[in-house]
Amino acid sequence: MAPPIALPETFARAVAGLRSVTPRAEIVLEEVGAPQRLAPYAFALSATVLRDDDDEVADGRLILLHDPAGHDAWQGTLRLVTYVTADLEVDLAADPLLPGVGWTWLTDALEVHRADYRAAGGTVTQTVSTRFGDLAGPPAAGDVEIRASWTPLGDDLGAHLSAWCALLASTAGLPPPGVTALTDRRPAGAA
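What you see is a predicted model, and the numbers here were worked out from it, not measured in a lab.

Colleague: When you look at helix α1 (residues 9-19) in this model, what are you seeing that I'm missing?
Modeller: Because an α-helix completes one turn every 3.6 residues, residues spaced three or four positions apart along the sequence face the same direction. Turning to α1, its buried residues are Phe11, Ala14, Val15, Gly17 and Leu18. Looking straight down α1, one finds its buried side chains confined to an arc of 155°; they lie on one side. Residues of α1 that are exposed and angled more than 90 degrees away from the buried face: Glu9 and Arg19. Contacts from the buried residues of α1 go to β2 (41-50), β3 (56-71), β4 (76-88) and α4 (158-172).

Colleague: Would you explain the environment of Leu153 in this entry?
Modeller: Position of Leu153 among the secondary structure elements: in the loop between β6 (140-152) and α4. Take Leu153: its relative accessible area is 38%, and that puts it in the partly exposed class. The spacing of Leu153 and Arg118 is 35 residues in sequence and 7.3 Å in space, taken between C-alpha atoms. In contact with Leu153, other than residues within four places in its own chain, are Asp116, Tyr117, Arg118 and His160.

Colleague: Is there a simple way to think about the side chain of His66 in this case?
Modeller: Along the chain, His66 turns up in strand β3. Judged by relative accessible area, His66 falls into the buried class, the value being 3%. At a separation of 3.0 Å, a polar atom in the side chain of His66 contacts the main-chain carbonyl oxygen of Thr77. Apart from residues lying up to four places away in sequence, His66 is in contact with Pro8, Thr10, Phe11, Ala39, Pro40, Tyr41, Trp74, Thr77 and Leu78.

Colleague: Explain a negative patch on the surface to me, please; I cannot follow it from the model alone.
Modeller: Together, Asp52, Asp53, Asp54 and Asp55 make up a region of like negative charge exposed at the surface. If you trace the backbone, Asp55 turns up in the loop between β2 and β3. When its relative accessible area of 44% is taken as the criterion, Asp55 is described as partly exposed.

Colleague: Would you mind going over the packing of aromatic side chains with me for this structure?
Modeller: The description of an aromatic ring pair rests on the distance of the ring centres and on the angle between the ring planes. Under the definition given, this model contains one aromatic pair. Measuring from ring centre to ring centre gives 5.7 Å for Phe11 and Tyr41, while their planes differ by 40°; the resulting arrangement is tilted. With Phe11 in helix α1 and Tyr41 in strand β2, this residue pair connects regions lying 30 residues apart in the sequence.

Colleague: I'm lost on the nonpolar core in this one. Help?
Modeller: Here is a general trend for soluble globular proteins: nonpolar side chains tend to be buried in one another's company. Of all hydrophobic cores here, the largest spans 40 residues; its most connected members are Leu18, Val49, Leu64, Leu161 and Trp164. Listing elements by their share of this core, those giving two or more residues are α1, β2, β3, β4, α3 (98-112), β6 and α4. Once you skip the residues sitting within four places of it in the chain, Leu64 turns out to touch Phe11, Ala14, Val15, Leu18, Tyr41, Ala42, Phe43, Leu78, Arg79, Leu80 and Leu157. In this structure, Ala34, Ala39, Ala42 and Trp74 belong to the second largest nonpolar core, which totals seven residues.

Colleague: Sorry, what's going on with the pattern of salt bridges here?
Modeller: A pair can form between side chains of opposite charge whenever their charged atoms are brought close. Taken as a whole, this structure holds five salt bridges when the rule is applied. A salt bridge links Arg13 to Glu9, with the nearest nitrogen and oxygen atoms 2.4 Å apart. Here Arg13 pairs with Glu9, and both are found in helix α1, just four residues apart, close to one helical turn. Taking the relative accessible area as the measure of exposure, Arg13 reaches 38% and is therefore partly exposed. Ionic pairing is found between Asp155 and Arg13, a salt bridge with its closest N-O pair at 2.5 Å. Placement of Asp155 in the loop between β6 and α4 and of Arg13 in helix α1 is noted, with a sequence separation of 142 residues between them. In this structure, a network of salt bridges that share partners links the residues Glu9, Arg13 and Asp155.

Colleague: Would you mind going over the environment of Thr85 with me for this structure?
Modeller: With respect to the helices and strands, the residue Thr85 is situated in strand β4. Thr85 gets classed as buried once you look at its relative accessible area, which sits at 16%. Counting along the chain gives 25 residues from Thr85 to Gly60, while the straight-line C-alpha distance between them is 6.2 Å. Dropping the residues within four chain positions of it, Thr85 is found in contact with Ala58, Asp59, Val144, Glu145 and Thr171. Here the side chain of Thr85 touches Val144 through a polar contact of 3.1 Å, landing on its backbone oxygen.

Parameters and conventions
Residues numbered from 1 in each chain as written. Predicted model: local features only at pLDDT ≥ 70, side-chain atom pairs only at ≥ 80, totals over all residues. Heavy atoms only, no water. Buried < 20%, exposed > 50% of the residue type's maximum accessible area, 1.4 Å probe, protein only. Helix = DSSP H or I, 4+ residues; strand = E, 2+ residues; numbered from the N terminus. Arc of directions from axis to C-beta. Contact = heavy atoms within 4.5 Å. Polar contact = N/O pair within 3.5 Å; in protein donor to acceptor, adjacent residues only side chain to side chain. Patch = residues over 30% accessible without salt bridge, like charges linked within 9 Å, V, L, I, M, F, W, Y side chains within 5 Å. Areas by Shrake-Rupley, 256 points an atom, 1.4 Å probe, with all protein chains shown as cover. Salt bridge = Lys/Arg side-chain N within 4 Å of Asp/Glu carboxyl O. Lys, Arg positive; Asp, Glu negative; His and termini not counted. Charge placed at Lys NZ, Arg CZ, Asp CG, Glu CD. Phe/Tyr/Trp six-rings, centres within 6.5 Å; stacked < 30°, edge-to-face > 60°. Core = buried A, V, L, I, M, F, W, Y, C linked by side-chain atoms within 4.5 Å.

Here's what the structure looks like:
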């Protein structure tokens with residue numbers, strides 16, 4: 001049995017901060033294998049967002065990278081990288097304002113949770129797919145995909161994970177915590 005590898009203190013504190021957060025009930029987090037070629041040290045979480053009926057409405061991955069030597073592009077020694085995707089109604093997926101709104105879901109979440117950062121960058125991709133021929137399913141489907149990375153200021157990353165969970169919730173269309181979504185209560189056949 002090999003002796004345990006001592007982790008840099010900065011990385012160990014950052015991982016502990018990520019592990020310290022309990023997300024809202026609809027978000028299920030799981031530690032997963034992290035890519036090993038991007039930085040000397042890496043840690044990753046996977047998330048699934050479920051609705052009340054246990055339907056998966058969004059998912060994502062958050063990767064923590066640490067290079068004690070730092071990176072000029074990162075402007076630091078830690079970097080958070082995320083990928084979030086969710087199915088959307090076709091009219092929402094086709095909205096030309098969606099990319100800008102999707103980006104503010106991330107930046108607003110970081111601000112609200114006081115997760116200080118710098119060097120943020122990313123993409124928001126909207127897709128509308130139409131099925132033909134033998135492909136069964138709805139005639140059209142839409143989705144949004146957010147890919148982003150940022151450098152956290154400091155190594156206590158609990159606020160960053162809380163912000164990431166808020167991004168997941170926004171992308172999935174969940175109401176804010178403590179708010180119950182109204183359902184359509186019209187009788188069947190009513191206009």
